[in-house]
Amino acid sequence: MLSVFRKGYETMVPIESYKANPCKMLSIPYWKAKSISVLPDMKIVHDSEYDGRIFERCHDTKYFRLIHTLSDIPELTAPGISLETIPPHQTDELAEMINRCYTHSQICVSGEYVKGLTETPVYCPELWIGAVFNGNLIGSVLCDYDAETGEGIIEWLQVLPKYRGRGIASALICKGLKIMSGFADFATVSGECENVTNPEGVYRKCGFTGNDVWHILRGC
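As the structure is a prediction and not an experimental result, all values here were calculated from the model.

Calculation rules
- Residues numbered from 1 in each chain as written.
- Predicted model: local features only at pLDDT ≥ 70, side-chain atom pairs only at ≥ 80, totals over all residues.
- Heavy atoms only, no water.
- Helix = DSSP H or I, 4+ residues; strand = E, 2+ residues; numbered from the N terminus.
- Rg over C-alpha atoms; globule rule 2.2 N^0.38 Å.
- Buried < 20%, exposed > 50% of the residue type's maximum accessible area, 1.4 Å probe, protein only.
- Areas by Shrake-Rupley, 256 points an atom, 1.4 Å probe, with all protein chains shown as cover.
- Salt bridge = Lys/Arg side-chain N within 4 Å of Asp/Glu carboxyl O.
- Pairing = 2+ DSSP bridges.
- Axes fitted to C-alpha atoms, helices over the stretch in contact; angles between N-to-C directions.
- Contact = heavy atoms within 4.5 Å.

S.K.: In this structure, what is going on with the overall build of the protein chain? I would like to understand it.
M.R.: The helix and strand inventory of the protein chain stands at seven helices and eight strands. Over its C-alpha trace the protein chain gives a radius of gyration of 18 Å, about what one expects of a compact globule, namely 17 Å for 220 residues. Viewed in the frame of its principal axes, the protein chain has a C-alpha envelope of about 55 × 35 × 30 Å. Counting only residues that meet the buried cut, the protein chain has 48% of its 220 residues in that class. Accessible surface computed for the protein chain: about 11,200 Å², of which carbon and sulfur atoms make up 51%.

Shown next as structure tokens:
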């Protein structure tokens, strides 16, 4: 059991414990937890250990964390949309599309940032998939693969606002899961619980399960 007063990931859980229950053991993928530390004014608490009386003065953002066993993957498609691997040299175009998807938020990435994602130890070229319509990139899913844990990880999922509601996000997720199933043991994803776009619903439609929620507490 993780302490509610844990200040970072300095004390790692054993890898076998993580693989047995990844969404409960850590709020982020194992490979990230090995190198990331939590900021001094931040605490990360699993919902099973959360007590609102203790953290009532903190700013609380809740994140779901779900798992997929990579079996029984739905056959979901988006008519008229081509799902294609995104080559590494398209980082500028990809960054521009991502930013257009998040005009309602403070998310803004550069081509250099996206290029940096291709230089991580978990970068898996075949798991970067774009949704293409009339030759234009209108959405994407960017997934990682950690060979140490056998974990596939959905990191980025986005579709341009104009094209939402057509099943494109679901088709992208299922395409990524199908590819992962050839070499990964399981897949995980996380997202903000109260996001207006309801990403959790999309992931559950694609077969993700679980009830793990993590509280990101700031200003404590």
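S.K.: Looking at this structure, how should I read the pattern of salt bridges?
M.R.: Pairing is possible between side chains that carry opposite charge, provided their charged atoms lie close to one another. The tally for this structure, following the rule as stated, stands at ten salt bridges. Residue Glu148 is joined to Lys34 by a salt bridge in which the shortest nitrogen-to-oxygen separation is 2.7 Å. With Glu148 in the loop between strand E5 (136-146) and strand E6 (151-159) and Lys34 in the loop between helix H3 (30-33) and strand E1 (42-46), this pair connects stretches of sequence that are 114 residues apart. A salt bridge links Arg100 to Glu96; the shortest N-O distance between them is 3.8 Å. Taken together, the residues span about one helical turn, with Arg100 and Glu96 both in helix H4 (residues 91-101) at a distance of four residues. With a relative accessible area of 41%, Arg100 lands in the partly exposed category.

S.K.: Just to check I follow, could you spell out the sheet that holds strand E8 (residues 209-218) for this structure?
M.R.: Sheets are built from strands that pair by backbone hydrogen bonding, the pairs being arranged parallel or antiparallel. One open sheet accounts for eight strands, arranged E1-E8-E2-E7-E6-E5-E4-E3; its pairing is mixed. On the outer flanks of this sheet lie E1 and strand E3 (82-85), each paired with one strand and no other. Neighbouring strand axes in the sheet, compared pairwise and without regard to direction, differ in orientation by 25 degrees on average. Looking at chain direction, strand E2 (residues 59-68) and strand E7 (residues 186-192) are connected through six bridges and run antiparallel. If you follow His68 over to E7, its bridge partner there is Ala187. This element, H4, spans strand E4 (123-133), E5 and E6 of the sheet and lies at about 105 degrees to E5.

S.K.: Any chance you could explain the side chain of Asp144 here in plain terms?
M.R.: Assignment of secondary structure puts Asp144 in strand E5. The residues contacting Asp144, other than those within four sequence positions of it, are Trp31, Val122, Tyr123, Leu127, Glu151, Gly152, Ile153 and Glu155.

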